Amino acid sequence: IGYLNAERGNLVGELRKKAFMRTLRALGHEPEGRFFYRIHVHGIRDYYKSGYEFGQRFVQAAGQRPDALFIYNDLAALGFERAVLAAGMRIPRDIAIIGVDNIEQGEYAAVPLTTIGQPTASIGAEALGVLIKKIEGREVRLRTVFMPNLVIRQSCGSRTGTPGSAATA
């Protein structure tokens, strides 16, 4: 299993990479550095375009490829999907993929995208509450952890769950 990370200097991408590596190790697998990739952003961040460009390079790469990719976000995953499908690869048979964010486009992609959803409404409400408390001079928690949910669709090749079903991560 490989990881397609965000551009250099992206803190969220690095945190996701660490969690990816920690999870693989917890499951008894050693992460393979040769399957760590990074998208390139040219000027304005366009993760869809960057994922597409990586997908074009991926299908041309000689040598062994991972069986699956965990991709930094859904936009990059959808760009990657479009490029590899256009080159004749099959998802999930040739490469399984999973993204992060649970954007609506993922559900309607050529191969519906398995993704990790984040409780954005809860995150926004908590952020607003913290801001109000700070303005009022009250104490705030330094860290709040929200549980994501796994939305299983066809791109991961899972035989468990049904397309579009959510499972608590």
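Quick note: structure is the one above.
Structural notes, computed from the coordinates.

How each quantity is defined
Residues numbered from 1 in each chain as written. Predicted model: local features only at pLDDT ≥ 70, side-chain atom pairs only at ≥ 80, totals over all residues. Heavy atoms only, no water. Helix = DSSP H or I, 4+ residues; strand = E, 2+ residues; numbered from the N terminus. Buried < 20%, exposed > 50% of the residue type's maximum accessible area, 1.4 Å probe, protein only.

### What about unusual backbone geometry?
Between Ile 91 and Pro 92 the backbone carries a cis peptide bond, its omega angle lying at 5 degrees. Mapped onto the fold, Pro 92 is located in the loop between α3 (74-86) and β4 (96-100). With a phi close to 130 degrees, Asp 101 is a non-glycine residue in the positive phi region. By the secondary structure assignment, Asp 101 is in the loop between β4 and α4 (104-107). Its identity is not glycine, yet Asn 102 carries a phi of approximately 55 degrees, on the positive side. If you trace the backbone, Asn 102 turns up in the loop between β4 and α4. Using a relative accessible area of 30% as the deciding quantity, one classes Asn 102 as partly exposed.

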